[in-house]
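Single-letter residue listing:
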Amino acid sequence: MRIRTQATRPYEDQRPGTSGLRKKVRVFQQPHYLENFVQSIFDCLDGLAGATLVLGGDGRYYNDQALQTILKMAAANGVGRVLVGRNGLLSTPAASCIIRKHGAFGGILLTASHNPAGPDGDFGVKYNVGNGGPAPESLTERIYARSRELRAYRILEVEDVALDRLGCFRLGAMTVEVIDPVADYAELMESLFDFDRIHALLADGFRIRFDAMHAVTGPYARELLVHRLGAPEESVVHATPLPDFGGGHPDPNLTYARPLVESLWREDAPDFGAASDGDGDRNMILGRGFFVTPSDSLALLAAHATCAPGYRDGLAGIARSMPTSRAADRVAERLGIPCYETPTGWKYFGNLLDAGRITLCGEESFGTGSNHIREKDGLWAVLFWLNLLAVARQPVAEVVKAHWRAYGRHYYTRHDYEGLDPEAAHRLIETLRAQLGKLPGRSGQGLRVLQAEDFRYEDPVDHSVSEHQGIRILFEPEARLVFRLSGTGTAGATLRVYVERFEPDPAQQDQDTQQALAPLIRLADEIAGIQRLTGRARPDVIT
Ligand code: VG1
Ligand code: CO
């Protein structure tokens with residue numbers, strides 16, 4: 001076995017976005033493309049020699065080749081040991097859990113999350129640090145800088161290795177340990193939630209349906225919901241991870257998880273429905289004929305947190321990404337705990353979690369999590385909801401409506417305009433930015449602008465600053481518009497428009513969301529000129 005130093009040329013487009021480097025599979029298939037990025041990661045890690053890394057992915061197309069390449073490169077770069085999920089599978093939350101539990105130096109996660117997979121789909125590589133969370137921006141920027149000057153990478157010349165059996169083997173001087181992808185994660189879940197109580201709920205005939213969308217959570221959901229909690233086998237559907245996710249788009253929302261949504265609106269609907277995304281970190285929660293917005297879900301879990309054994313002692317604080325609705329803020333206020341507002345992306349929660357300032361956190365994009373790991377966690381949210389319902393013994397809709405009566409309702413929606421001409425999308429944001437100073441005081445659709453700004457975040461722990469994290473406009477009476485461009489897309493630009501309005505009056509809390517927000521939605525177009533600048537009359541996806 002020989003270590004080869006392979007000459008290469010730098011690529012200019014390897015800047016990680018909101019969550020790792022995401023590109024079309026075909027981009028990753030260019031000569032040395034993956035290798036360059038992986039070598040750039042390794043070159044930026046001080047103390048890698050002899051260290052333990054965790055490796056796994058969501059099972060999508062190109063995972064297999066990438067796993068082999070990364071293992072050989074890790075061996076050539078002096079890594080001591082790699083823990084890899086059997087068949088290369090690890091959900092993002094499980095990888096975070098394993099990094100923490102085994103005290104690993106970090107981990108490489110192969111996923112493009114909810115983006116479609118297959119030869120024409122997307123692929124992604126994300127580096128997570130020793131706390132189990134996504135690398136902070138300072139590190140991803142260094143990796144990017146390195147990728148632009150890289151001239152060579154190191155790789156072990158050796159045959160591909162088999163990853164389908166548990167156990168250890170050597171690869172050059174490095175140890176590879178193939179581990180059960182589910183065991184550590186399932187054990188952690190059992191330590192947080194009241195499994196006996198959930199078991200009793202299910203035994204009493206409470207029916208659930210979990211849609212793994214042919215992505216990574218199938219084996220996790222089967223183990224937890226069926227084997228440990230006693231739900232009937234048919235409660236978990238689309239449970240076999242497929243390289244192309246069955247041709248679907250594993251994004252758990254009302255648009256892409258349509259079959260699940262329809263089954264919850266049928267006459268014989270189950271009591272509870274849930275889905276997760278490609279890599280298992282997102283969740284969607286449904287009741288019978290009822291959709292829980294992710295923002296409400298965060299607020300509800302916070303309000304009911306002490307019903308779960310893992311949170312019995314209460315919460316230190318809550319954090320939400322800036323575009324997420326302010327429902328959680330109201331709960332934090334009543335609990336007398338701080339609520340932090342961070343830029344979009346899970347990496348911004350890491351410092352707050354590590355410093356013990358927050359216990360729960362979430363994003364409007366179907367992401368919820370806690371200090372148990374450093375990623376958002378889809379099945380965790382599902383189990384938390386089941387724990388809550390096992391205690392409340394009320395339908396999902398009742399639990400949510402009671403919350404609205406107690407705290408007020410935040411009507412909330414997100415409109416996505418996908419595949420835009422990047423120039424037009426950037427012009428829209430620039431135009432908005434240019435008029436921010438003139439907006440306060442202006443009125444339209446019965447709302448008056450209180451404040452308009454380009455969101456800037458200073459991390460309260462390490463004081464690092466992140467600029468241009470979205471344009472937000474606050475109105476009176478309490479309402480809000482946020483505009484930002486996606487940092488995870490791989491084709492054209494995606495404009496996200498986040499719309500929120502607070503409704504304190506219980507008599508007004510039963511409206512259709514799009515109707516309740518219609519004036520604000522019109523205002524968004526008036527202010528930002530969406531149709532004028534992008535040529536689009538309506539969004540592609542509404543969540
Ligand atoms: C989107 C979401 C963001 C989330 C990110 C990664 O980013 O808006 O809230 O953290 O995806 O989620 P963007 O930049 O496209 O808006 V996942 O499940 O892709 O790891
Ligand atoms: Co994801």
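Thresholds applied
Residues numbered from 1 in each chain as written. Chains lettered and ligands numbered in written order. Predicted model: local features only at pLDDT ≥ 70, side-chain atom pairs only at ≥ 80, totals over all residues. Heavy atoms only, no water. Helix = DSSP H or I, 4+ residues; strand = E, 2+ residues; numbered from the N terminus. Contact = heavy atoms within 4.5 Å. Donors = N, O, S within 2.8 Å, 3.2 Å for Na, K, Ca; no water. Near = heavy atom within 4 Å. Polar contact = N/O pair within 3.5 Å; in protein donor to acceptor, adjacent residues only side chain to side chain. Nonpolar A, V, L, I, M, F, W, Y, C, P; charged D, E, K, R; others polar. Disulfide = S-S within 2.5 Å. Buried < 20%, exposed > 50% of the residue type's maximum accessible area, 1.4 Å probe, protein only. Pairing = 2+ DSSP bridges. Axes fitted to C-alpha atoms, helices over the stretch in contact; angles between N-to-C directions. Domains from an automatic or database assignment. Buried area = accessible area lost by both parts, 1.4 Å probe. Salt bridge = Lys/Arg side-chain N within 4 Å of Asp/Glu carboxyl O.

**Quick notes on the side chain of serine 466**
At step 1: Within the fold, serine 466 resides in strand E23 (residues 465–466).
At step 2: If we skip the residues at most four places from it in the chain, serine 466 touches Glu137, Pro343, Tyr348, Phe455, Arg456 and Tyr457.

**Description of the coordination of the cobalt ion (ligand 2)**
At step 1: Taken together, the protein donors to the cobalt ion (ligand 2) comprise Ser113 (OG), Asp277 (OD), Asp279 (OD) and Asp281 (OD), at separations of 2.0 to 2.2 Å.
At step 2: In the primary structure, the donors to the cobalt ion (ligand 2) are separated according to the pattern S-x163-D-x1-D-x1-D. Taken together, the residues span a long stretch of sequence, with serine 113 in the loop between strand E5 (106–110) and strand E6 (122–128) and aspartate 281 in the loop between strand E12 (272–276) and strand E13 (283–287) at a distance of 168 residues.

**Remarks on the site of ligand 1**
At step 1: As a matter of local geometry, ligand 1 sits amid 19 residues, with Thr18, Ser113, Ser365, Thr488 and Arg496 nearest to it.
At step 2: A distance of 2.7 Å separates an oxygen atom of ligand 1 from a polar side-chain atom of glutamate 363.
At step 3: Here lysine 376 contributes a side-chain N or O atom positioned 2.8 Å from an oxygen atom of ligand 1.
At step 4: Its residues assigned to classes, the shell around ligand 1 comprises no nonpolar, 10 polar and nine charged.

**Considerations on the state of the cysteines**
At step 1: Overall, the coordinates contain zero disulfides when judged by the stated rule.
At step 2: Cysteine 97 provides the cysteine sulfur closest to cysteine 168, a residue in no disulfide bond, and the two sulfurs are 18 Å apart.
At step 3: This cysteine, cysteine 307, is not joined by any disulfide, and cysteine 361 carries the nearest cysteine sulfur, 18 Å off.
At step 4: Accessibility expressed as a relative area gives 16% for cysteine 307, which makes it buried.

**Considerations on the sheet that holds E6**
At step 1: Reading across the sheet, the seven strands line up as E2-E6-E5-E3-E4-E9-E8 and stay open at both edges, with mixed pairing between neighbours. With one partner strand each, in any of the chains shown, strand E2 (21–24) and strand E8 (167–171) form the two edges of the open sheet. Sheet twist, expressed as the mean angle between neighbouring strand axes with direction ignored, is 20 degrees.
At step 2: Where E5 and E6 come together, four bridges link them in antiparallel fashion. Looking across to E6, one finds that isoleucine 108 is bridged to tyrosine 127.
At step 3: Across the sheet, helix H2 (residues 33–43) is in contact with E2, strand E3 (52–57), E5 and E6; its angle to E6 comes to roughly 10 degrees.

**Some remarks on the environment of serine 276**
At step 1: Note on placement: serine 276 falls in strand E12.
At step 2: Separated by 67 residues in sequence, serine 276 and arginine 209 place their C-alpha atoms 12 Å apart.
At step 3: At 2.6 Å, the side chain of serine 276 and the side chain of threonine 217 are in polar contact.

**Structural notes on the sheet that holds strand E10 (residues 208–211)**
At step 1: Here we have five strands laid out as an open sheet, ordered E11-E10-E12-E13-E14, and mixed in their pairing. Since the sheet does not close on itself, it has two edges, and those belong to strand E11 (236–237) and strand E14 (290–292), each with one partner.
At step 2: Here two bridges tie E10 to E11, and the two strands are oriented parallel to one another. Residue pairing across strands places aspartate 211 opposite valine 237, the latter belonging to E11.

**Considerations on the domain arrangement of the protein**
At step 1: For the protein, the assigned domains read domain 1 (2–181), domain 2 (185–407) and domain 3 (409–542).
At step 2: In this assembly, 34 residues from domain 1 lie in contact with 34 residues from domain 2.
At step 3: Between domain 1 and domain 2, the buried area comes to about 2500 Å², and carbon and sulfur atoms account for 57% of it.
At step 4: There are two salt bridges connecting domain 1 and domain 2.
At step 5: Linking domain 1 with domain 2 are 15 residue pairs in polar contact (both at pLDDT 80 or more), by the criterion used here.
At step 6: When residues of the side of domain 1 that touches domain 2 are traced back to their parent elements, those giving at least two are helix H4 (92–101) and E6.
At step 7: No other element matches the seven residues that H4 contributes to the side of domain 1 that touches domain 2.

**Some points on unusual backbone geometry**
At step 1: Of note, the amide linkage connecting glutamate 476 to proline 477 takes the cis form, showing an omega dihedral of -5 degrees.
At step 2: Locating proline 477 in the fold gives a position in the loop between strand E24 (471–476) and strand E25 (479–485).
At step 3: Phi is positive for asparagine 87, close to 60 degrees, though the residue is something other than glycine.
At step 4: Here asparagine 87 is to be found in strand E4 (residues 81–89).

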